[in-house]
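Topology and contacts: notes
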Amino acid sequence: MNYEDFFSIKDDWNLQIEGLKEEQFVHYGSNLLCGNGYLGYRGTLDEWDKEQYQACVITDTYDLADGKWKELSNSPNALTTELRVDGQKFGDYPEQDQMITELNFNYKYGIFRRKSKSKTVNDLEIVSERFASYDNLHLIANNYQISKIKKKKIELKLGINGDVWDLNGPHLENFKGEYDSQKNILYLKANTVESKIPLVTALSFKLIKGKIKNLKVENEKKSIYLLLNIEAEAEKIELERNMIVYSGNDRENPLSSAIKDAELTLELGYQKLKEKHQAVWDEKWKLMDIEIKGNLLDQLAVRFNLYHNIIAAPAHSEHLPIGARGLSCQAYQGAAFWDQEIFNLPMFLFTETETAKNILKYRYHTLNGARKKAKDLGYEGAFYAWISGKSGKELCPSFFFKDVISGRKIRNHFNDWQIHVSPDISYAIWNYYLASGDLDFVINYGAEILFEVARFLHSRIHFNQYKDQYEIIRLLGPDEYHENVDNNAFTNYQSQFALKKAIYFYYKMENEYPEKLQQLIEKIQLSESEVTAWQEISEKIYLPQPDQNNLIEQFDDYFDLEDTTAEVLENRLIDQEEYWGWPNGVAVFTQVIKQADIIQLFTLHDIFSEEVLTANYDYYEPRTQHGSSLSPSQYAVVAARLGRAEECYDYFKKSAFIDLMSTNKAVSGGTFIGGIHTAAAGGIWQLIVNGFAGMKIDKRGLSFKPVLCQDWKEVNFNLNYQDKKFKAVLGQNSFKLTAAVENNEILKFSVFEKEYTLKPGKEVKIKF
Ligand code: IFM
C-alpha cells in the first residue's frame, strides 16, 4: 500500500488530504481529530452530520443505553453549518456541491483546516479552521470564512444539533434549547439516558465580516438553530464561533459555566484563543517531540502518533482513564485496558511525569471497582476490570463478539480470564517509581494497589501439590485467540514480578515508614501471613523456562497445537469478518497467535539471554498474525535489541501507519472497533526510545543499547528522568546524551554496558 493513496505530506507537521472518499470517512474522522484529553471532535466537514460520522466524544459521560455497551456520550454539535447561496444548499453530502481544494491537519497544534469551492456557484470559496483548545478544555474554536461572494443571497443556518452519531445509543434525552439574543449565545441542555448526567453544549458567535439582515430561531426536538440572512462585506463573510461543552460531572452548574465560557471566548476572539492554545502545545512538545532526520514521511507519522497519544490522555484529571480508542469515537467504550499502563504510559513516564501519576492515581481511585470484581468472582484483593471506565467496575460485556456465520453471541472471557491487567498495573507502578523517584506516590497510593493485586494473585493462583509449584490455570494471555489456557508464561512472570514488588515495598515501608505501613495494614486488614504467602508463591510459581531449543512455551501444550501460519488460516475463513479466536475460530487449535505474547514478556523483562530472545523471536514471528494493533511495536523493540535495525524499521512501518493507512479492521466479529489505536500510537514512542535507542530502566538506572535503521539519519528525543532533563541524539554510529544546565545532580548511566557519568550542562558522546 502506498501512503499517497491516502494523504500527502506538506511538511514535517502537516498532513494533507486530496479528496475524501466515502469509505474513508470513518478513519479520517479519527485521524483528523481535534482533541485535548477532555473531548475529541472528529475531523469532518462543517456541513456534515452523523451520516458522515461527525461526533464529539466527551470524557466522563459514561452511559448505558442499549443494555449492553456502556460508553462515552457524544455532545450535540454546535458547529453545525448549513449554507445556502441563492437558495441552493452548499456542501452537503451526497450531492457534494463542494470541491475540497485543501484539507490540512497540523499535528503541532491539532488544527484542522479546509478549503472548499462550490461546484455550481462560480468562485465561491469556504475556508474553515478549528482546534480543541488546550487552554480551555471545554472549547472548540472555529473560524469560518466564505469569500468571492458575488451579490448573492446568503443564508446560514447555524446552531446545535443533538441528533448525533452513536455506536450504541442514543445517549441523550430531554433536550432544551435557548437563544440569548443579548449575548448572542445559544445553548442546548440534555441529559444522558441511563446515567442521567446533564450535558450542556453552548455556541457563541460573531460576524467579523458581513452583516446579519435577518435572524430567526428554530427549535427542533433535539436541536436549536438560527437562520441568518447575511449581507457580505467586500464579497466576504467571516464568522468566529465557539463550541463549549460542560457536563454535570465537570461542574455543579454546567449551564452557567458554559455560558460564562461562551461569553469570554467571544470576547477574546479566535486569534487570541489560538495563541493561548498553541502556547500549551509548545510546552508539551518541548518534552514530548521526537525528531526524525532523513525521512519526512516517517517524521510526520511519528508526530501523528505522539499527537494521538497525548490527546487521548485525560491529563487534567486523576479520575479518568485513557481509552483504547481515546476520544476518537465510542469504540471500546472510552475505557482503559492494559493498553493504558503498558502502551500509553511509557511516554508520559519519561516526559510529562504528572500525567503518568494521574493515570496511576486513576487506578488507585478505582480500587473499589477492582475489589468488587474480585469479590463477585470469588477472589480477594483487586482484580482490575479488563475494560475500566470511571468507577473501575467491569465494563467488558460477557458476549463481546458474535459468530457472524450463525449470528449467535460468543461468550468471550476477556472479563474474567484475562487477569494480567492487575499485575500489569503493579509493573507500571514500579516503573513510575524508577522513572520519577516519587516514593511519596508509592507510599500514599501505589502500595495499596500493589498489596491488593498481590492479594488477588494469592487467591487466584493454585498450588499443584504433585509438582510442588504454584500455577495459574484457566487464563487468557495477551494473545486473545487462545482462551482457557494454563500457565501463560507472560502472566506467570508478570505475577511473580507483581508479588515481588508488593513484598519489596512492604518491607521498605516497614523499615522506613512504619507508621504509614501500619495505617495501610489497618485500612485494608492485611495480615503478616499474607505477606509470607506472597513470598512463598513468588519463590515457587511456575515460570516456563527455555527448552533445549531455547524456546519458551506460550502456555501449557501450546507446542502440541497445529503448526501453521495466518496466511493458511485466511483461506479457511468462510466470512472475512469471522472472529479467529475462542471457542471455535480458525486460530484456536493452531499455533497462530493474535499478538505479541512471549515477545511481550521480553519487552517488559530483560531477564533472558540473547540466544533465548533470538530463538523465540524467530519462532513466534511467523506465527503471529498481528491482528491487534498492539503487536508490531513490541516485536520492533525486541528486533532492535537483537541489533536487527531493519526489521525494527519494518515494524515501525506496520505500526506507525495503522491509522494513517487504515490497515486494521474497523469491524471484527460483528463489533465496531474502529477509531484511533492509541496503544499503537504510544507504542511508537517505545519503538524509538526502547527499541532504536535501546533504553531500559532498572534499579541501577538508565541504560542504552542504540542501533539505527538505514532510512533515518538521526533521531532526537527528550527525557525527563527523576526530575532531570536530558536530550538524546541517536545517529547512525553515535549516541549523545546532553544534560540540561538546571539539573541538580550528576546522572550515572550506561551505554552498551559501559558506565558513564553526566554533569549538568554537559554531554557524553559515544561512537559505535
Ligand atoms: O487490550 C487490547 C487487546 O490486547 C487486544 N484487543 C484490543 C484491546 C484494546 O486495544
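By the naming in an unreviewed UniProt entry, the chain is Kojibiose phosphorylase, taken from Halanaerobium saccharolyticum.

On a regular strand, one side chain projects to one face of the sheet and the next to the other, so that they alternate. Across five bridges, strand S31 (residues 747-751) lies against strand S32 (residues 754-758) in antiparallel orientation. Counted as the bridge partner of lysine 748 is threonine 757 from S32. The turn joining S31 and S32, which pair antiparallel and follow one another in sequence, is formed by two residues; a positive phi near 45 degrees is taken by phenylalanine 752.

Moving on, we get to the layout of surface pockets. Size it by volume and the largest pocket reaches roughly 1,300 Å³. Asp606, Lys696, Ile697, Asp698 and Ser703 are the residues nearest the centre of the largest pocket, which is lined by 50 residues in total. Each residue belonging to the lining of the largest pocket can be placed in one class, and the counts come to 24 nonpolar, 12 polar and 14 charged. Estimated volume of the second largest pocket: approximately 970 Å³. Taken together, 48 residues line the second largest pocket, and the ones lying closest to its centre are His626, Gly627, Ser628, Ser629 and Asn664. For the lining of the second largest pocket, the secondary-structure elements that each account for two or more residues are helix H14 (566-570), helix H18 (645-656) and helix H19 (678-692). Per element, the largest residue contribution to the lining of the second largest pocket is three residues, and it comes from H14. Residue composition of the lining of the second largest pocket, grouped by class: 23 nonpolar, 14 polar and 11 charged.

For the rest of this paragraph, the subject is the sheet that holds strand S33 (residues 763-767). Spatial ordering of the open sheet is given by S21-S28-S29-S30-S33, a layout of five strands whose pairing is antiparallel. Both edges of this open sheet fall to strand S21 (290-293) and S33, since each of them pairs with a single strand only. Neighbour-to-neighbour, the strand axes of this sheet turn through a mean angle of 15 degrees, independent of strand direction. Note: strand S28 (residues 714-721) against strand S29 (residues 724-731), eight bridges, orientation antiparallel.

The sheet contact formed by strand S15 (residues 172-180) and strand S16 (residues 185-192) spans seven bridges and is antiparallel. Within S16, the position partnered with glutamate 178 by the bridge is tyrosine 187.

With that out of the way, let us pick up a nonpolar patch on the surface. Together, Ile212, Leu215 and Val217 make up a nonpolar patch on the protein surface, roughly 190 Å² of accessible area in all. Within the secondary structure, leucine 215 sits in strand S18 (residues 211-219). With a relative accessible area of 32%, leucine 215 lands in the partly exposed category.

For the structure on display, the rule yields 47 salt bridges. Where lysine 540 meets aspartate 468, a salt bridge forms, and the shortest distance between an N and an O atom there is 3.0 Å. With lysine 540 in helix H13 (residues 528-540) and aspartate 468 in the loop between strand S22 (462-464) and strand S23 (469-471), the pair connects residues that are 72 residues apart, well separated along the chain. Residue classification places lysine 540 among the partly exposed residues on the basis of a relative accessible area of 31%. What makes aspartate 468 partly exposed here is its relative accessible area of 41%. Linked by salt bridges that have partners in common, Arg371, Glu448, Glu452, Arg455, Lys523 and Glu530 make up one network.

Cut-offs and rules
Residues numbered from 1 in each chain as written. Predicted model: local features only at pLDDT ≥ 70, side-chain atom pairs only at ≥ 80, totals over all residues. Heavy atoms only, no water. Pairing = 2+ DSSP bridges. Helix = DSSP H or I, 4+ residues; strand = E, 2+ residues; numbered from the N terminus. 1 Å grid on protein atoms, 1.4 Å probe; cavity = no way out; pocket = protein on both sides within 12 Å on 5 of 7 lines; lining within 4 Å. Points joined across faces, edges and corners; volume = space filled by probe spheres on them. Nonpolar A, V, L, I, M, F, W, Y, C, P; charged D, E, K, R; others polar. Axes fitted to C-alpha atoms, helices over the stretch in contact; angles between N-to-C directions. Patch = residues over 30% accessible without salt bridge, like charges linked within 9 Å, V, L, I, M, F, W, Y side chains within 5 Å. Areas by Shrake-Rupley, 256 points an atom, 1.4 Å probe, with all protein chains shown as cover. Salt bridge = Lys/Arg side-chain N within 4 Å of Asp/Glu carboxyl O. Buried < 20%, exposed > 50% of the residue type's maximum accessible area, 1.4 Å probe, protein only.

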